[in-house]
Amino acid sequence: MMDNLRTAANGPVLKIVLALIILTFLVTGLTGYLSGENGSYAAKVNGQSISRAQLEQAFQQEKNAMQERLGDGFSTLLSNEQAVQQLRRQSLDRLINATLIEQYAHKLGLSASDEQVTQEIRNLPFLQTDGKFDNNKYQDYLNWLARSNMSPDVFAEQVRQELINRQLEQVLIGSEIALPTEVKEEIALLFQERTVRFATLELKSIEAQQKVTDEELKNYYTANSKHFTVPEKVKISYIKMDAADELKNVTVSDADIEKYYQNNLSKYTKSEQKKYSFIQLTSDSDAKSVLDELSKGADFSQLASEKSTDKFSAQKGGDLGWMEESSLPNEIKSANLTQKGQLSGVIKLSNGYAIFRLDDINPQVVKSLEDIRPEIEKIVKQEKAVDAFYALQRKVSDAAANDNESLAAAEKAAGYQAVTTDWFDRDHIPADINFSQVVQAIFSGNLIDDKGTTGINSDVISVEGDRAFIVRVDDVKPETVQPFEQAKTEVAELVKRQKAEKQLQVESEKLLAALKEGKGEQALKAAGIQFAEPTVIKRISQNDQATDVAFTLPHPKDGKAEYGLAQDGLGNAVFIQLDKVVPGPITDEQIKQYMSAYQYQTGNVMLESLIINLRDDADIKLGQIE
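What counts, and at which threshold
Residues numbered from 1 in each chain as written. Predicted model: local features only at pLDDT ≥ 70, side-chain atom pairs only at ≥ 80, totals over all residues. Heavy atoms only, no water. Helix = DSSP H or I, 4+ residues; strand = E, 2+ residues; numbered from the N terminus. Buried < 20%, exposed > 50% of the residue type's maximum accessible area, 1.4 Å probe, protein only. Contact = heavy atoms within 4.5 Å. Areas by Shrake-Rupley, 256 points an atom, 1.4 Å probe, with all protein chains shown as cover. Expected span 1.5 Å × (residues − 1). Bend = angle between axes of the 7 residues up to and from the residue. Pairing = 2+ DSSP bridges. Core = buried A, V, L, I, M, F, W, Y, C linked by side-chain atoms within 4.5 Å. Salt bridge = Lys/Arg side-chain N within 4 Å of Asp/Glu carboxyl O. Phe/Tyr/Trp six-rings, centres within 6.5 Å; stacked < 30°, edge-to-face > 60°. Lys NZ or Arg CZ within 6 Å of the ring centre and 35° of its normal. Axes fitted to C-alpha atoms, helices over the stretch in contact; angles between N-to-C directions. Parallel < 35°, antiparallel > 145°, perpendicular 65-115°, else oblique. Nonpolar A, V, L, I, M, F, W, Y, C, P; charged D, E, K, R; others polar. Polar contact = N/O pair within 3.5 Å; in protein donor to acceptor, adjacent residues only side chain to side chain.

A. Up close: the overall build of the protein chain. Looking only at helices and strands, the protein chain features 24 helices and 24 strands. The 626 residues of the protein chain split such that 41% are buried. Put simply, of all contacts in the protein chain between residues at least 6 apart along the chain, 75% involve residues at least 24 apart. Taken as a whole, the protein chain presents about 34500 Å² of accessible surface, with 48% of it coming from carbon and sulfur.

B. Region of the structure containing helix α21 (residues 484-516). Along its 33 residues, α21 runs 46 Å from first to last C-alpha, staying within 8% of the 48 Å computed at 1.5 Å per residue. Glu 490 marks where α21 bends most, by close to 40°. Of the residues making up α21, those classed as buried are Phe 484, Ala 487, Val 491, Ala 492, Val 495, Ala 500, Leu 504, Ser 508, Leu 511, Leu 512, Ala 514 and Leu 515. Contacts made by the buried residues of α21 are with β5 (193-201), α10 (203-207), α11 (214-223), α22 (520-527), β22 (562-567) and β23 (573-582). Just past α21, the residue Gly 518 takes up positive phi, approximately 85°.

C. Spatial organisation of the pairing of β5. Taken together, the 4 bridges between β5 and strand β21 (residues 535-538) define a ladder with antiparallel strand orientation. Bridging from a neighbouring strand, Arg 194 pairs with Ile 537 of β21. Sheet analysis places β5 next to β23, joined by 9 bridges and oriented antiparallel. Its bridge partner lying in β23, Val 196 is registered against Leu 578.

D. Structural detail: the nonpolar core. By size, the foremost hydrophobic cluster in this structure holds 20 residues, and its most contacted members are Ile 236, Ile 433, Val 438, Ile 442 and Val 471. For this core, the secondary structure elements donating two or more residues are β7 (233-242), α20 (436-444), β18 (461-463) and β19 (467-477). For this core, the element with the highest residue contribution is α20, accounting for 5 residues. Not counting chain neighbours up to four residues away, the residues in contact with Val 438 comprise Ile 433, Ile 461, Val 463, Phe 469 and Val 471.

E. Examining unusual backbone geometry more closely. Although it is not a glycine, Asp 130 sits at a positive phi angle of roughly 55°. Phi at Asp 558 is positive, roughly 55°, even though this residue is not glycine.

F. Local environment of the pattern of salt bridges. Counting across every chain of the model gives 20 salt bridges. Ionic pairing is found between Arg 497 and Glu 207, a salt bridge with its closest N-O pair at 3.9 Å. A residue pair is termed long-range when its members are at least 10 positions apart, and Arg 497 in helix α21 and Glu 207 in helix α10 qualify at 290 residues. Measuring nitrogen to oxygen at the nearest pair gives 3.1 Å for the salt bridge that ties Asp 284 to Lys 288. Of this pair, Asp 284 and Lys 288 are both found in helix α14 (residues 284-295), 4 residues apart, which corresponds to roughly one turn of the helix. Several salt bridges share partner residues, and in doing so they unite Glu 207, Arg 497 and Glu 501 into one network.

G. Just the side chain of Asn 572, in detail. Residue position: Asn 572 is located in the loop between β22 and β23. In this structure Asn 572 touches Thr 200, Leu 201, Glu 202, Leu 203, Lys 204, Leu 504, Ala 566 and Gln 567, once residues within four positions along its chain are discounted.

H. Seen up close, the packing of aromatic side chains. Summed over all chains, the structure comprises 9 aromatic pairs. Residues Tyr 221 and Phe 484 carry aromatic rings whose centres are separated by 5.4 Å and whose planes lie at 70° to one another, so their mutual orientation is edge-to-face. Separated by 263 residues along the polypeptide, Tyr 221 in helix α11 and Phe 484 in helix α21 bring together distant segments of the chain. Taking the relative accessible area as the measure of exposure, Phe 484 reaches 13% and is therefore buried. Measuring from ring centre to ring centre gives 6.2 Å for Tyr 261 and Tyr 268, while their planes differ by 20°; the resulting arrangement is stacked. Neither residue differs from the other here; Tyr 261 and Tyr 268 are each classed as buried. Through pairs of rings, three or more aromatic residues link up here, namely Tyr 221, Phe 228 and Phe 484. A cation over an aromatic ring shows up here: Lys 348 above the ring of Tyr 353, its NZ or CZ 5.2 Å from the ring centre.

I. Up close: the packing of α11 against α21. Packing of α11 against α21 leaves a shortest axis separation of 9 Å and a crossing angle of 100°. Taken together, α11 and α21 sit at an angle that is classed as roughly perpendicular. Contacts between α11 and α21 involve Asp 214, Glu 216, Leu 217, Lys 218, Tyr 220 and Tyr 221 on the former and, on the latter, Phe 484, Ala 487, Lys 488, Val 491, Ala 492, Leu 494, Val 495, Gln 498 and Lys 499. Looking at the contact of α11 with α21 residue by residue, the class counts come to 9 nonpolar, 1 polar and 5 charged.

J. Here's a closer look at the sheet that holds strand β1 (residues 43-45). With antiparallel pairing, the 3 strands of this open sheet are ordered in space as β2-β1-β24. This sheet does not close on itself; its edge strands, each paired only once, are β2 (48-50) and β24 (620-622). In this sheet, adjacent strand axes meet at a mean angle of 20° when their direction is disregarded. Bridge count between β1 and β24: 3 bridges; the pairing is antiparallel. Bridging across to β24, Ala 43 finds its partner in Leu 622.

K. Here's a closer look at the side chain of Thr 99. Looking at where Thr 99 falls in the secondary structure, it is placed in helix α5 (residues 81-107). Note on Thr 99: relative accessible area 1%, which makes it buried. A distance of 2.7 Å separates a polar atom in the side chain of Thr 99 from the backbone oxygen of Leu 95.

L. Representation of the sheet that holds strand β11 (residues 347-349) within the structure. Read across the open sheet, the 4 strands follow the order β10-β9-β12-β11; overall the sheet is antiparallel. Edge positions in the open sheet fall to β10 (319-324) and β11, since each of these has one partner strand only. Taken over all neighbouring pairs, the strand axes of this sheet differ in orientation by 40° on average, direction set aside. As paired elements, β11 and strand β12 (residues 352-362) share 3 bridges and run antiparallel to each other. The residue of β12 that forms the bridge with Leu 349 is Gly 352. Against the sheet, α14 touches β9 (273-281) and β12, its axis set at about 35° to β12.

Here's what the structure looks like:
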């Protein structure tokens, strides 16, 4: 049985499982989300629900990680509603992927014992002082986890999952092989050195020489007048509703907490676990002989070490670790072991025979309500706030619909005044309402038409982060075309650049031809440019068009340089003179590093294929994610 499991672990599917579990759980911490659905869900994966609260916590983790990467640039991302929506969808996708992998791993019976989890936590470097486990640091860390809405058990489950991941990691990384000749060729190309010189013919210098006539400007303006418009502008009034505001007014009773606890008792119940050992043998007679020795008092661990054909478990005296009833292999189930120390009879396996022993039993444990009261109180309070938020939306929506002449009734229902804006256009939305749904309702909905404002209130517009709006357009300034005289300066710049780009293309191609014909010195002088000092470039450390072109040029022969032409980010023409090519140095360390990168890239390809297959085969239902 154990040999079969390891055979499966060496297959490509299980290799993929490892890296995917690592990627998804490190980002989302799936096992750490404990919350109720309250009748709604973000998604269901093969019948297993991902609650909106789970999505919200994953989304917050995603935002925190993004903030660490972007720093000050994170505020710019938050102001882009489409980017925020994409981040939320990405969080849900990762949760779905993690759920699929969790389900798949469960089918394989993968597990890590409580003892292994405990030891792993004790070995975490940030929980140690002078190389030894520091309980004070551990308690401080638990307090930090609590502030992040994560319990110690959730943290332990994440460590357990990472232990399973690590077991598989060695299989994934160690099995993909690249041929040494292939690796050396790739490294030689990556580290190849080319000696080049660059000369730049600037677009702006040619643009400064351009002359334009009023006729050219008017012709361009007439052909492109739609690009010289003053956009449509509006003034609006709006009522903003926020679930966070409802949280302040929510109270939670003992009865509420007790009801949630009873309805979700399974979440706070740790199933009974049993610890097993086994001895695997090749024949029925060998198994009966060993069973006879055990019946006479022989030491089980010693016999397992000496006689078991399963070498992995034999090294640990036959130990199989702790297992729950739901994950027991059929062979162990058939042994029907119920008492500590009980031996099975001889059990037939697909590849031999086995004797199992029940070593120990950890009974089912149910967390008491008092131990988890703060956690449940927080969950129930959040759920009540969301319910109150949706009730407020319905109330304000009904008032706005019944009195469509103004927002007065909606203001009364909401309990506060609407906000009125100054003039703005589609490209300059006030920050408080800068959401794609709100912008769509204002400029592309039924609030305005070709005659101006329609004088009606919008429906409730739900947006990111459990917020909602009722909007009314108060006034409209229609889009207008700038008069020619007003747009003339901008038109002149565009025409000059257009003419300069055409001239630059012609001149640069002529100059490149002259360089290739050996007449470059005179041509360069006429253009007022010259090649800079030689510089050595490597493919691996460069990322621009000029470098790309330089590495496409053939090797120089007989001391004659090769020439190429590229364009930089400013539209300038960049001439390249390739003088020398030196093969990249190849060291054992480079080969080792490249092999690791090769394995990682191959693993990623495998991962993508697996997740596509898992999602194709899965029953995934999307719920409410906003």
